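Chain by chain, the residues run as shown.
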Amino acid sequence: MPQSVTVGQDARPIAVLAREGKGPPVVWLGGFKSDMRATKATALDEWAGTNGRAFVRFDYSGHGESGGAFEEGTISRWLEDALAVIERYVRDRPILVGSSMGGWISLLAARHLMKKRPDLAPAGMVLIAPAIDMTERLMWGRFPEDLKRSLQEKGVYHRPSAYSDDPYPITLNLIEDGRRHLLLDRTIQTGCPVHILQGMEDPDVPWSHALELVEHLPGDSVSLTLIKDGDHRLSRPEDIERLIAAVAAMG
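Residues numbered from 1 in each chain as written. Predicted model: local features only at pLDDT ≥ 70, side-chain atom pairs only at ≥ 80, totals over all residues. Heavy atoms only, no water.

A. Structural context of the overall build of the protein chain. Of the regular secondary structure elements, the protein chain holds 8 helices and 10 strands. Its C-alpha atoms give the protein chain a radius of gyration of 17 Å, near enough to 18 Å, the size a compact globule of 251 residues would have. Across the 251 residues of the protein chain, 53% fall into the buried class. Across the protein chain, every contact between residues at least 6 apart in sequence was considered, and the portion connecting residues at least 24 apart equals 76%. Counting every atom, the protein chain has about 11,000 Å² of accessible surface; 47% of that belongs to carbon and sulfur. Charge-centre separation for the protein chain: the mean point of 29 positive side chains lies 4 Å from the mean point of 35 negative side chains. (Helix = DSSP H or I, 4+ residues; strand = E, 2+ residues; numbered from the N terminus. Rg over C-alpha atoms; globule rule 2.2 N^0.38 Å. Buried < 20%, exposed > 50% of the residue type's maximum accessible area, 1.4 Å probe, protein only. Contact = heavy atoms within 4.5 Å. Areas by Shrake-Rupley, 256 points an atom, 1.4 Å probe, with all protein chains shown as cover. Lys, Arg positive; Asp, Glu negative; His and termini not counted. Charge placed at Lys NZ, Arg CZ, Asp CG, Glu CD.)

Shown next, in the form of structure tokens:
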């Protein structure tokens, strides 16, 4: 059964699965509309169990087993969720593993922790198809003008998904809040090694987006693994092996 931590002024319960262990604790930050029991997070938990490693995974508000409505979600709220979980369940400098939107949240969390909690600033980061600035670059910037007008008028757009039978609600609030957290207009400091895993057949986060991120990480040790036939999920057995190897190499 998950534990939980209460977050925010609305006291939303965030579901957490925390495994005790040695070494830098590994923290999983999932993607938009994903959950902590999905394939990659579960595979990492099995690796952690086999190797006696500490591992923490959680669901953002409005996701999986956590409280709150998905439609109320914003980057600010989900970052607040992530920071609350890290500060509650992590004792040493963690390795942050961020998938898709979780890659963006990981970089935002690292910036906050370096300033406010240097004792919990990440010791390493593994980013899988990191969707940095996704609300602006990968959503709003790709929307045709008529869709933008409709979103501004109605406040929500129900976007069909390749990963679910139900469309994803994209709210105007999500887009506007995202603009407070954009990173690709400046140098990004992480204070730790970063390894990016990126599929070249990814329809959601183009591999050129990962290259642009690398250009914004000049001060850090950065590795980029491009997987020629890899999709967005990178959940095949060979992809999982690459992920586990990247996390294990961080310490």
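From this point on, the discussion continues.
B. Focus on the pairing of strand E6 (residues 124–128). With respect to burial, E6 is a largely interior element, 5 of its 5 residues being buried. Of the two faces of E6, both are covered, the one formed by Gly124, Val126 and Ile128 as well as the one formed by Met125 and Leu127. After leaving strand E5 (residues 95–99), the chain enters helix H3 (residues 101–116) and then returns to the sheet as E6, a path that is right-handed. Where E6 and strand E9 (residues 194–199) come together, 4 bridges link them in parallel fashion. Counted as the bridge partner of Leu127 is Ile196 from E9. (Right-handed = clockwise from strand over helix to strand, strands pointing away. Pairing = 2+ DSSP bridges.)

C. Structural context of the pattern of salt bridges. Within this structure, the stated rule accounts for 18 salt bridges. For Arg236, the salt bridge is made with Glu238, and the minimal N-O distance between the two is 3.6 Å. The class for Glu238 is partly exposed, based on a relative accessible area of 34%. Here the salt bridges share partners, and the residues they tie into one network are Asp10, Arg12, Glu72, Arg77, Glu80 and Asp81. (Salt bridge = Lys/Arg side-chain N within 4 Å of Asp/Glu carboxyl O.)

D. How the structure looks around the nonpolar core. Core analysis: the biggest nonpolar cluster contains 57 residues, and Phe32, Trp78 and Ile105 have the highest contact counts within it. Look past the residues within four positions of Ile105 in its chain and what remains in contact with it is Leu29, Tyr60, Ile75, Trp78, Leu79 and Ala82. Counting residues in each nonpolar core, the second largest holds 18 residues, with Phe55, Val126, Ala246 and Val247 among its members. (Core = buried A, V, L, I, M, F, W, Y, C linked by side-chain atoms within 4.5 Å.)

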